[in-house]
Amino acid sequence: MTQVHEATDPGAGERLGPAARAALLDALKRHARTPGDPLLIRVEGDAWRHEPDDLAQPVVSGQLHELVLRVHAAPGPVIVHVDGAVRGLGLGLALAADLRVAAPTATFGTGSPAAFLAGGAGRLLAGVAGTGVLAHLAWTGATLAAGEALRHGLVGSVSADPDAGAALAARVAAIGAGPASALARALRGRDRPELTAALDYESWLAGVG
């Protein structure tokens, strides 16, 4: 059975703020109790356009990066459907998911240097798109349109259908909970130590900056 988390856009200054992070954490905890079931995260508008307001190491490591690790370690497939701007922590969360679908209106970027470090996307973006794309986005603040993101592997599909994420989740759910749980562990398990180490370093650098 597919679980759904609606990430609504609270507006500038509150995007991926404490309330949004707490709601996502609750959804991830509920999902963890049903291994193998898909979790569909529908991101409304610019809800994942994150610009951090607190770069203290305990906040970055204990709150922001912890969410990235929870998405990456989820016991079942996580599907993210975005239709707006994805930056900072939003990019880290999206890349930590198993599958991503974007509307043609979606854009992707690291955001400011602070958002990049706090977002935890560095190693994940390098793994998906390569160090060249990572360096270009981080140094220039450039963004990728949905079509460019598809070419670089940041998303698996681009669709104007508002139900594209739900359709993808239904297709994944057909695999069955047992095989899906095993596949999730097989695909992600080897990356966990390296991702944890990279996030620890980035959280320290966020405090230094």
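Everything quoted here is computed from the prediction, not taken from an experiment.

### A short note on the overall build of the protein
At step 1: Helix and strand counts for the protein come out as 10 helices and 8 strands.
At step 2: The globule rule puts the C-alpha radius of gyration for 209 residues at 17 Å, and the 16 Å found for the protein is close to it.
At step 3: Reported as C-alpha extents along the three principal axes, the dimensions of the protein are approximately 45 × 35 × 30 Å.
At step 4: Every one of the 209 residues in the protein was classed for burial, and the buried ones make up 46%.
At step 5: A separation threshold of at least 6 residues defines the contact pool for the protein, and within that pool the share at least 24 residues apart is 78%.
At step 6: Carbon and sulfur atoms provide 58% of the accessible area of the protein, an area that totals close to 9300 Å².
At step 7: Computed over 17 positive and 20 negative side-chain charges, the inter-centroid distance for the protein is 6 Å.

### Description of the side chain of arginine 87
At step 1: The residue arginine 87 is located in the loop between β4 (85–86) and α3 (89–96) in this model.
At step 2: Buried and unpaired, arginine 87 has no salt bridge, with aspartate 46 as the nearest side chain of opposite charge at 7.1 Å.

### A closer look at the sheet that holds strand β5 (residues 99–102)
At step 1: With parallel pairing, 5 strands are arranged side by side in an open sheet as β1-β2-β3-β5-β8. Bordering the open sheet on either side are β1 (3–7) and β8 (157–158), each of which pairs with just one other strand.
At step 2: Where strand β2 (residues 39–43) meets strand β3 (residues 78–82), 5 bridges bridge the pair, whose relative direction is parallel. Residue pairing across strands places arginine 42 opposite histidine 81, the latter belonging to β3.

### Side note on the pairing of β1
At step 1: Side chains Gln3, His5 and Ala7 project from β1 onto a buried face, and the interleaved Val4 and Glu6 project onto a face without burial.
At step 2: Summarising the sheet, β1 and β2 pair through 5 bridges and their orientation is parallel. Bridged to histidine 5 within β2 is isoleucine 41.
At step 3: Crossover β1 to β2 through helix α1 (residues 18–32) is right-handed.

### Here's the deal with the environment of glycine 111
At step 1: Mapped onto the elements, glycine 111 comes out in the loop between β6 (107–108) and α4 (113–119).
At step 2: Taking the C-alpha atoms as reference, glycine 111 lies 20 Å from valine 71; in sequence the two are 40 residues apart.
At step 3: For glycine 111, the contacting residues outside a window of four places in its chain are Arg87 and Gly141.

Definitions and cut-offs
The written sequence of each chain sets the order in which its residues are numbered from 1. Under the rules for a predicted model, residues below a pLDDT of 70 receive no local features and side-chain atom pairs below 80 are neither given nor counted, while totals for whole chains, interfaces and linings still include all residues. Side-chain measures were taken over the full set of non-hydrogen atoms in the model, leaving aside hydrogen atoms and water. Numbering of helices and strands starts at the N terminus; helices are DSSP runs of H or I of at least 4 residues and strands are runs of E of at least 2. The reference for a compact globule is 2.2 Å times residues^0.38; the radius of gyration itself is calculated from the C-alpha atoms. Buried residues are those whose accessible area, probed at 1.4 Å on protein chains only, stays under 20% of the maximum for their type, while exposed residues exceed 50% and partly exposed ones sit between those limits. The contact rule is simple, with two residues in contact once any of their heavy atoms fall within 4.5 Å. Residue-level accessible areas treat just the shown protein chains as cover; the underlying method is Shrake-Rupley with a 1.4 Å probe. Counting rule for charge: Lys and Arg are taken as positive, Asp and Glu as negative, and neither His nor the chain ends is counted. The atom standing in for a charge is NZ when the residue is Lys, CZ when it is Arg, CG when it is Asp and CD when it is Glu. Between Lys or Arg on one side and Asp or Glu on the other, a salt bridge is scored when a side-chain nitrogen of the former is within 4 Å of a carboxyl oxygen of the latter. Two strands form a pair only when DSSP identifies at least two bridges running between them. Throughout, right-handed denotes a crossover for which the path from the first strand over the helix to the second runs clockwise when the strands point away from the viewer.

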